[in-house]
Amino acid sequence: QVWLVESGGGLVQAGGSLRLSCTASGRTFSGYAMGWFRQAPGKEREFVAAISWSGGSTYYADSVKGRFTISRDNAKNTVYLQMNSLKPEDTAVYYCATTRAGGVPRSTLRYDYWGQGTQVTVSS
């Protein structure tokens with residue numbers, strides 16, 4: 001079993017920044033890809049960013065490319081999402097997830113464990 005706990009969400013004005021953290025406990029954190037997803041009211045959960053276990057490969061949704069940065073610290077069992085130049089359309093509940101699958105998946109279906117989510121609200 002793996003437990004994931006997100007933190008760092010909040011209310012920010014458009015153009016501002018937030019850094020989300022996700023700390024894992026349970027099975028070994030290293031060796032598995034991690035992802036960030038988000039879900040806005042009335043919408044499906046969507047991919048935001050993902051990172052390989054080494055941190056050497058990262059992937060982003062087109063909507064956040066150039067503004068968000070995913071990173072991880074395996075010694076701290078933590079993955080981060082630095083969000084800059086935030087827009088009102090970034091408002092959502094943000095979830096981190098980990099997968100037992102190989103590679104660095106971008107589909108929600110490939111992820112096995114999820115955190116409870118943290119709310120990010122961007123005001124205009």
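Remember, predicted model here, so these are calculated numbers, not experimental data.

A. Geometry of the overall build of the protein chain. What the protein chain contains, in helices and strands, is zero helices and 11 strands. N-terminal to C-terminal, the α/β element order of the protein chain is β-β-β-β-β-β-β-β-β-β-β. By the compact-globule yardstick of 14 Å for 124 residues, the protein chain fits well, its C-alpha radius of gyration being 13 Å. For the protein chain, the residues scored as buried account for 44% of the 124 residues in total. At a minimum sequence separation of 6, the contacts of the protein chain that also span at least 24 residues come to 58%. Counting every atom, the protein chain has about 6,100 Å² of accessible surface; 47% of that belongs to carbon and sulfur. The centroid of the 13 positive side-chain charges in the protein chain is displaced by 5 Å from the centroid of its 8 negative side-chain charges.

B. Highlighting the state of the cysteines. This model, assessed by the stated rule, comprises one disulfide. Each sulfur in the disulfide pair Cys22 and Cys96 lies 1.9 Å from the other. As the torsion about the S-S bond is roughly 45°, the Cys22-Cys96 disulfide counts as right-handed. Placement of Cys22 in strand β3 (residues 18-26) and of Cys96 in strand β9 (residues 92-98) is noted, with a sequence separation of 74 residues between them.

C. Seen up close, the packing of aromatic side chains. Throughout the structure, instances matching the rule amount to four aromatic pairs. Judged by centre distance (5.1 Å) and plane angle (75°), the rings of Phe37 and Tyr111 are edge-to-face. One end of the pair, Phe37, is in strand β4 (residues 34-39); the other, Tyr111, is in the loop between β9 and β10 (113-114), and 74 residues separate them in sequence. Residues Phe37 and Trp114 carry aromatic rings whose centres are separated by 5.0 Å and whose planes lie at 55° to one another, so their mutual orientation is tilted. Here Trp114 lies in strand β10 and Phe37 lies in strand β4, a separation of 77 residues in the sequence. Note on Phe37: relative accessible area 0%, which makes it buried.

D. Focus on the pairing of strand β1 (residues 2-7). Because side chains alternate across β1, one face comprises the buried residues Val2, Leu4 and Glu6, and the other comprises Trp3, Val5 and Ser7, none of which is buried. Here β1 runs beside β3; their pairing, made up of six bridges, is antiparallel. If you follow Val2 over to β3, its bridge partner there is Gly26.

Criteria and cut-off values
- Each residue is numbered by its place in its chain's sequence as written, counting from 1.
- Under the rules for a predicted model, residues below a pLDDT of 70 receive no local features and side-chain atom pairs below 80 are neither given nor counted, while totals for whole chains, interfaces and linings still include all residues.
- Computation of side-chain values covers all heavy atoms of the structure but excludes hydrogens and water.
- Under the DSSP-based scheme used, a helix requires at least four consecutive residues in state H or I and a strand at least two consecutive residues in state E, with every element numbered from the N terminus.
- Both definitions apply: the radius of gyration is a C-alpha atom measure, and the globule rule equals 2.2 Å times residues to the power 0.38.
- Relative accessible area decides the class of each residue, using a 1.4 Å probe on protein chains only: under 20% of the type maximum gives buried, over 50% gives exposed, and in between gives partly exposed.
- Two residues form a contact once any of their heavy atoms are found within 4.5 Å.
- In this description, accessible areas are obtained by the Shrake-Rupley approach with a 1.4 Å probe, and a residue is regarded as covered only by the protein chains that are shown.
- Under the convention used here, Asp and Glu are negative, Lys and Arg are positive, and both His and the chain ends fall outside the count.
- For charged residues, the charge sits on one atom: NZ in Lys, CZ in Arg, CG in Asp, CD in Glu.
- Two cysteine sulfur atoms make up a disulfide if the distance between them is within 2.5 Å.
- The criterion for an aromatic pair is that two Phe, Tyr or Trp rings (for Trp, the six-membered ring) have centres within 6.5 Å, with stacked assigned to planes under 30 degrees apart, edge-to-face to planes over 60 apart and tilted to the rest.
- Whether two strands pair depends on DSSP finding at least two bridges between them.

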